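A structural walkthrough
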Amino acid sequence: MLPAIAGALARVRGELDLAAKAAGRDPGAVSLVAVSKFHPEAAVRAAMAAGQRVFGENRVQEALGKFALLRQEPTPFRLHIIGGLQTNKARDAVRIADVIETLDRPKLADAIADASEREGRLPDLLVQVNVGDEAQKGGVAMAEADAFIESVHARFGTRLRGLMCIPPAETDPKPHFLWLQACAARHGLAELSMGMSGDFTDAIACGATEVRVGTAIFGHRPPAGTADVPTPSL
Ligand SMILES: *Cc1c(COP(=O)(O)O)cnc(C)c1O
(Lines give C-alpha, C1' and ligand atoms only; values in the text may rest on other atoms or scores of the structure.)
Protein backbone atom coordinates (compact mmCIF):
# COMPACT_ATOMS: atom_id res chain seq x y z
CA MET A 1 0.00 0.00 0.00
CA LEU A 2 2.82 2.44 0.87
CA PRO A 3 4.47 2.47 -2.60
CA ALA A 4 1.06 3.40 -3.98
CA ILE A 5 1.23 6.68 -2.08
CA ALA A 6 4.05 8.05 -4.24
CA GLY A 7 2.12 7.26 -7.41
CA ALA A 8 -1.11 8.71 -6.04
CA LEU A 9 0.69 11.87 -4.97
CA ALA A 10 2.19 12.29 -8.42
CA ARG A 11 -1.26 11.86 -9.96
CA VAL A 12 -2.84 14.43 -7.65
CA ARG A 13 -0.02 16.91 -8.24
CA GLY A 14 -0.47 16.42 -11.97
CA GLU A 15 -4.20 17.12 -11.75
CA LEU A 16 -3.53 20.14 -9.57
CA ASP A 17 -1.08 21.54 -12.14
CA LEU A 18 -3.52 21.00 -15.00
CA ALA A 19 -6.39 22.61 -13.10
CA ALA A 20 -4.27 25.63 -12.23
CA LYS A 21 -3.06 26.07 -15.79
CA ALA A 22 -6.60 25.66 -17.15
CA ALA A 23 -7.63 28.49 -14.84
CA GLY A 24 -4.75 30.65 -16.01
CA ARG A 25 -3.09 30.34 -12.62
CA ASP A 26 0.43 29.46 -11.52
CA PRO A 27 0.41 25.87 -10.17
CA GLY A 28 2.96 27.01 -7.59
CA ALA A 29 0.29 29.27 -6.11
CA VAL A 30 -1.79 26.26 -5.03
CA SER A 31 -0.51 24.34 -2.04
CA LEU A 32 -1.37 20.66 -1.62
CA VAL A 33 -2.21 19.67 1.95
CA ALA A 34 -2.00 15.88 2.31
CA VAL A 35 -4.72 14.88 4.78
CA SER A 36 -3.30 11.93 6.72
CA LYS A 37 -6.02 11.55 9.36
CA PHE A 38 -6.58 7.94 10.44
CA HIS A 39 -3.55 6.84 8.43
CA PRO A 40 -0.43 5.68 10.26
CA GLU A 41 2.86 7.50 10.61
CA ALA A 42 4.32 5.14 8.00
CA ALA A 43 1.94 6.61 5.43
CA VAL A 44 3.13 10.12 6.32
CA ARG A 45 6.73 8.98 5.95
CA ALA A 46 5.98 7.49 2.54
CA ALA A 47 4.47 10.80 1.42
CA MET A 48 7.45 12.71 2.80
CA ALA A 49 9.82 10.40 0.93
CA ALA A 50 7.90 11.35 -2.21
CA GLY A 51 8.52 15.02 -1.49
CA GLN A 52 5.30 16.00 0.28
CA ARG A 53 5.90 18.64 2.98
CA VAL A 54 2.44 19.84 4.08
CA PHE A 55 0.05 17.67 6.07
CA GLY A 56 -3.43 18.03 7.52
CA GLU A 57 -4.93 16.32 10.54
CA ASN A 58 -8.36 16.88 11.97
CA ARG A 59 -7.76 15.70 15.52
CA VAL A 60 -5.11 17.34 17.69
CA GLN A 61 -4.56 14.22 19.78
CA GLU A 62 -3.93 12.07 16.74
CA ALA A 63 -1.61 14.69 15.26
CA LEU A 64 0.41 14.78 18.50
CA GLY A 65 0.88 11.02 18.40
CA LYS A 66 1.84 10.92 14.75
CA PHE A 67 3.98 14.00 14.22
CA ALA A 68 5.89 14.46 17.48
CA LEU A 69 8.74 12.14 16.43
CA LEU A 70 8.82 13.50 12.90
CA ARG A 71 9.36 17.00 14.30
CA GLN A 72 12.67 15.88 15.77
CA GLU A 73 13.94 14.81 12.36
CA PRO A 74 15.69 17.12 9.93
CA THR A 75 13.07 17.19 7.16
CA PRO A 76 10.94 20.30 7.67
CA PHE A 77 7.19 20.09 7.13
CA ARG A 78 4.07 22.06 7.94
CA LEU A 79 1.14 20.72 9.89
CA HIS A 80 -2.39 22.07 9.48
CA ILE A 81 -5.18 21.39 11.95
CA ILE A 82 -8.28 21.14 9.77
CA GLY A 83 -10.88 19.62 12.11
CA GLY A 84 -13.25 21.25 14.55
CA LEU A 85 -11.27 22.40 17.57
CA GLN A 86 -12.52 22.23 21.14
CA THR A 87 -11.30 25.04 23.38
CA ASN A 88 -9.63 22.54 25.73
CA LYS A 89 -7.47 21.35 22.82
CA ALA A 90 -6.44 24.85 21.80
CA ARG A 91 -3.19 24.82 23.73
CA ASP A 92 -1.98 21.57 22.13
CA ALA A 93 -3.05 22.88 18.73
CA VAL A 94 -1.14 26.14 19.24
CA ARG A 95 1.91 24.16 20.27
CA ILE A 96 2.06 21.75 17.33
CA ALA A 97 0.26 23.38 14.40
CA ASP A 98 1.70 25.69 11.78
CA VAL A 99 -1.81 26.55 10.67
CA ILE A 100 -5.16 26.27 12.47
CA GLU A 101 -7.80 26.30 9.75
CA THR A 102 -10.90 26.04 11.87
CA LEU A 103 -11.22 29.24 13.89
CA ASP A 104 -14.98 29.70 13.95
CA ARG A 105 -16.15 31.30 17.20
CA PRO A 106 -15.17 33.96 19.75
CA LYS A 107 -14.58 31.45 22.56
CA LEU A 108 -12.05 29.59 20.42
CA ALA A 109 -10.35 32.89 19.54
CA ASP A 110 -10.06 33.55 23.29
CA ALA A 111 -8.59 30.10 23.89
CA ILE A 112 -6.09 30.48 21.05
CA ALA A 113 -4.99 33.92 22.28
CA ASP A 114 -4.54 32.56 25.79
CA ALA A 115 -2.66 29.48 24.57
CA SER A 116 -0.45 31.62 22.37
CA GLU A 117 0.58 33.71 25.36
CA ARG A 118 1.50 30.60 27.33
CA GLU A 119 3.27 28.83 24.48
CA GLY A 120 5.01 31.87 23.05
CA ARG A 121 3.95 31.03 19.53
CA LEU A 122 0.96 31.65 17.32
CA PRO A 123 0.15 29.52 14.26
CA ASP A 124 -1.25 31.06 11.11
CA LEU A 125 -5.04 31.15 11.28
CA LEU A 126 -7.89 30.60 8.86
CA VAL A 127 -11.50 31.36 9.68
CA GLN A 128 -13.80 28.49 8.77
CA VAL A 129 -17.12 29.57 7.28
CA ASN A 130 -20.11 27.25 7.28
CA VAL A 131 -20.94 28.03 3.65
CA GLY A 132 -23.98 25.76 3.57
CA ASP A 133 -25.21 26.95 6.99
CA GLU A 134 -25.49 23.27 7.97
CA ALA A 135 -26.48 22.58 11.56
CA GLN A 136 -24.05 19.69 12.04
CA LYS A 137 -21.02 21.47 10.59
CA GLY A 138 -18.44 23.73 12.14
CA GLY A 139 -17.72 27.20 10.82
CA VAL A 140 -19.08 30.64 11.50
CA ALA A 141 -22.52 31.24 9.98
CA MET A 142 -22.44 33.09 6.67
CA ALA A 143 -24.43 36.02 8.06
CA GLU A 144 -21.93 36.46 10.88
CA ALA A 145 -18.80 35.86 8.86
CA ASP A 146 -17.91 39.49 8.08
CA ALA A 147 -18.14 40.64 11.68
CA PHE A 148 -16.27 37.62 13.00
CA ILE A 149 -13.49 37.97 10.42
CA GLU A 150 -13.08 41.65 11.38
CA SER A 151 -12.83 40.76 15.06
CA VAL A 152 -10.24 38.05 14.38
CA HIS A 153 -8.25 40.44 12.24
CA ALA A 154 -8.36 43.11 14.93
CA ARG A 155 -7.07 40.62 17.46
CA PHE A 156 -4.52 38.57 15.54
CA GLY A 157 -3.53 40.95 12.73
CA THR A 158 -1.70 39.37 9.82
CA ARG A 159 -1.70 35.94 11.50
CA LEU A 160 -5.17 35.74 10.01
CA ARG A 161 -4.26 34.50 6.56
CA GLY A 162 -7.56 33.56 4.99
CA LEU A 163 -10.70 31.45 4.94
CA MET A 164 -11.59 27.78 4.83
CA CYS A 165 -14.80 25.93 3.96
CA ILE A 166 -16.31 22.47 3.49
CA PRO A 167 -19.32 22.82 1.16
CA PRO A 168 -22.39 20.63 1.71
CA ALA A 169 -22.02 17.10 0.32
CA GLU A 170 -24.01 16.14 -2.77
CA THR A 171 -24.32 19.67 -4.10
CA ASP A 172 -22.40 21.64 -6.69
CA PRO A 173 -19.58 23.10 -4.59
CA LYS A 174 -18.71 25.90 -7.02
CA PRO A 175 -21.22 28.53 -5.80
CA HIS A 176 -19.91 27.93 -2.27
CA PHE A 177 -16.31 28.24 -3.37
CA LEU A 178 -17.11 31.47 -5.20
CA TRP A 179 -18.90 32.84 -2.15
CA LEU A 180 -15.83 32.17 -0.04
CA GLN A 181 -13.57 33.74 -2.63
CA ALA A 182 -15.66 36.92 -2.66
CA CYS A 183 -15.71 37.02 1.13
CA ALA A 184 -11.90 36.71 1.31
CA ALA A 185 -11.52 39.45 -1.31
CA ARG A 186 -13.75 41.79 0.73
CA HIS A 187 -11.38 41.38 3.64
CA GLY A 188 -8.15 41.46 1.67
CA LEU A 189 -7.29 37.91 2.72
CA ALA A 190 -4.92 35.92 0.51
CA GLU A 191 -5.47 32.30 1.48
CA LEU A 192 -8.44 30.19 0.43
CA SER A 193 -8.47 26.61 1.75
CA MET A 194 -11.10 24.73 -0.21
CA GLY A 195 -11.42 21.55 -2.21
CA MET A 196 -10.97 17.90 -1.21
CA SER A 197 -10.41 14.67 -3.17
CA GLY A 198 -13.73 14.92 -5.01
CA ASP A 199 -13.71 18.59 -5.94
CA PHE A 200 -10.24 20.09 -5.70
CA THR A 201 -10.01 20.89 -9.40
CA ASP A 202 -13.26 22.90 -9.17
CA ALA A 203 -11.88 24.66 -6.09
CA ILE A 204 -8.73 25.62 -7.99
CA ALA A 205 -10.87 27.06 -10.78
CA CYS A 206 -12.61 29.14 -8.10
CA GLY A 207 -9.39 30.50 -6.61
CA ALA A 208 -8.27 27.97 -3.98
CA THR A 209 -4.71 28.62 -2.79
CA GLU A 210 -4.76 25.43 -0.75
CA VAL A 211 -6.51 22.11 -1.36
CA ARG A 212 -6.91 19.45 1.32
CA VAL A 213 -6.67 15.99 -0.21
CA GLY A 214 -6.83 12.76 1.76
CA THR A 215 -8.42 9.77 0.03
CA ALA A 216 -6.93 10.48 -3.41
CA ILE A 217 -3.43 10.29 -1.87
CA PHE A 218 -3.64 7.78 0.96
CA GLY A 219 -6.55 5.63 -0.14
CA HIS A 220 -9.64 4.95 1.91
CA ARG A 221 -9.29 5.65 5.59
CA PRO A 222 -9.06 2.68 7.92
CA PRO A 223 -11.88 2.67 10.48
CA ALA A 224 -10.98 4.82 13.50
CA GLY A 225 -8.95 2.95 16.06
CA THR A 226 -7.36 0.37 13.80
CA ALA A 227 -4.54 2.53 12.47
CA ASP A 228 -1.25 2.47 14.29
CA VAL A 229 -1.94 5.77 16.04
CA PRO A 230 -3.42 6.53 19.44
CA THR A 231 -7.18 6.17 19.37
CA PRO A 232 -8.44 9.74 19.15
CA SER A 233 -10.15 10.82 22.33
CA LEU A 234 -13.59 12.36 22.09
C1 LIG B 1 -10.93 14.48 5.80
C2 LIG B 1 -10.90 15.89 5.37
C3 LIG B 1 -10.41 16.26 4.10
C4 LIG B 1 -9.94 15.24 3.06
O5 LIG B 1 -11.04 14.60 2.51
P6 LIG B 1 -10.86 13.58 1.27
O7 LIG B 1 -12.21 13.52 0.68
O8 LIG B 1 -10.41 12.28 1.86
O9 LIG B 1 -9.86 14.17 0.36
C10 LIG B 1 -10.37 17.60 3.77
N11 LIG B 1 -10.78 18.54 4.65
C12 LIG B 1 -11.25 18.25 5.87
C13 LIG B 1 -11.68 19.33 6.77
C14 LIG B 1 -11.33 16.92 6.27
O15 LIG B 1 -11.82 16.62 7.49
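Residues numbered from 1 in each chain as written. Predicted model: local features only at pLDDT ≥ 70, side-chain atom pairs only at ≥ 80, totals over all residues. Heavy atoms only, no water.

Quick look at the site of the ligand
Close to the ligand lie 13 residues; Lys37, Ser197, Gly214, Thr215 and Arg221 are nearest. At 2.8 Å, a backbone N or O of Gly214 approaches an oxygen atom of the ligand. In this structure, an oxygen atom belonging to the ligand sits 2.5 Å away from a side-chain N or O atom of Thr215. Summarising the interface, the protein chains cover 89% of the accessible area of the ligand, which totals 380 Å² for the free molecule. For the shell around the ligand, the per-class residue count stands at 6 nonpolar, 4 polar and 3 charged. (Near = heavy atom within 4 Å. Polar contact = N/O pair within 3.5 Å; in protein donor to acceptor, adjacent residues only side chain to side chain. Areas by Shrake-Rupley, 256 points an atom, 1.4 Å probe, with all protein chains shown as cover. Nonpolar A, V, L, I, M, F, W, Y, C, P; charged D, E, K, R; others polar.)

Focus on the pairing of strand 7 (residues 160-164)
Burial analysis of strand 7 places 4 of its 5 residues in the buried class, the great majority of the element. For strand 5 (residues 124-130) and strand 7, the ladder comprises 4 bridges, and the chain directions are parallel. Bridge pairing in strand 7 places Gln128 opposite Met164. By the bridge criterion, 3 bridges tie strand 7 to strand 8 (residues 191-193) in an arrangement that is parallel. Paired with Gly162 across the two strands is Glu191, which belongs to strand 8. (Buried < 20%, exposed > 50% of the residue type's maximum accessible area, 1.4 Å probe, protein only. Helix = DSSP H or I, 4+ residues; strand = E, 2+ residues; numbered from the N terminus. Pairing = 2+ DSSP bridges.)

Description of helix 3 (residues 60-71)
Of the positions making up helix 3, those classed as buried are Val60, Glu62, Ala63, Lys66, Phe67 and Leu70. With its buried residues spanning 140 degrees around the axis, helix 3 presents them on a single face. Those residues of helix 3 that are buried lie in contact with helix 2 (41-49), strand 2 (54-57), strand 3 (78-81) and helix 4 (90-96). (Arc of directions from axis to C-beta. Contact = heavy atoms within 4.5 Å.)

Brief notes about the packing of aromatic side chains
Counted under the stated rule, the structure contains 3 aromatic pairs. When the ring of Phe55 is compared with that of Phe67, the centres are 5.9 Å apart and the planes differ by 50 degrees; the resulting orientation is tilted. With Phe55 in strand 2 and Phe67 in helix 3, this residue pair connects regions lying 12 residues apart in the sequence. Of the two residues, Phe55 and Phe67, neither departs from the other in class, the shared state being buried. Between the aromatic rings of Phe67 and Phe77, the centroid separation amounts to 5.5 Å while the plane-to-plane angle is 45 degrees, which identifies the pairing as tilted. (Phe/Tyr/Trp six-rings, centres within 6.5 Å; stacked < 30°, edge-to-face > 60°.)

Topic: the nonpolar core
By size, the foremost hydrophobic cluster in this structure holds 65 residues, and its most contacted members are Phe55 and Ile112. With 6 residues, the top contributor of residues to this core is helix 1 (residues 2-22). Ignoring sequence-local partners within four residues, the contact set of Ile112 consists of Ala90, Val94, Ile100, Leu103, Leu122, Leu125 and Phe156. (Core = buried A, V, L, I, M, F, W, Y, C linked by side-chain atoms within 4.5 Å.)

Points about the pattern of salt bridges
Under the counting rule described, the total for this entry stands at 18 salt bridges. Here Arg95 ties to Glu119 by a salt bridge, and the two come within 3.6 Å at their closest N and O atoms. Of this pair, Arg95 sits in helix 4 while Glu119 sits in helix 5 (residues 106-119), and the two are 24 residues apart along the sequence. Residue Glu119 is classed as partly exposed on the basis of its relative accessible area, which comes to 22%. Linking Glu134 and Lys137 is a salt bridge whose minimum nitrogen-to-oxygen distance equals 2.8 Å. For Glu134, a relative accessible area of 16% puts it in the buried group. With relative accessibility at 23%, the residue Lys137 sits in the partly exposed group. (Salt bridge = Lys/Arg side-chain N within 4 Å of Asp/Glu carboxyl O.)

Thoughts on the UniProt feature "domain: Alanine racemase N-terminal" (unreviewed entry) in the protein
What UniProt calls "domain: Alanine racemase N-terminal" (unreviewed entry) maps, in this numbering, to residues 29-222. Here residues 29-222 runs as 41% helix and 20% strand, with 31 Å between its end C-alpha atoms. (UniProt positions renumbered as here; feature names shortened; annotations may be inferred.)

Points about the UniProt feature "modified residue: N6-(pyridoxal phosphate)lysine" (unreviewed entry) in the protein
Mapped onto this structure's residue numbering, the UniProt feature "modified residue: N6-(pyridoxal phosphate)lysine" (unreviewed entry) falls at Lys37. Its place among the elements puts Lys37 in the loop between strand 1 (31-35) and helix 2.

A word on the confidence of the model for the protein
For the protein, per-residue confidence averages 94 on the pLDDT scale, and 94% of positions sit at 70 or higher. Ignoring residues within four places in sequence, the model shows residues 227-234, a span with pLDDT below 50, making 18 contacts including any to other chains. (pLDDT = per-residue confidence, 0-100.)

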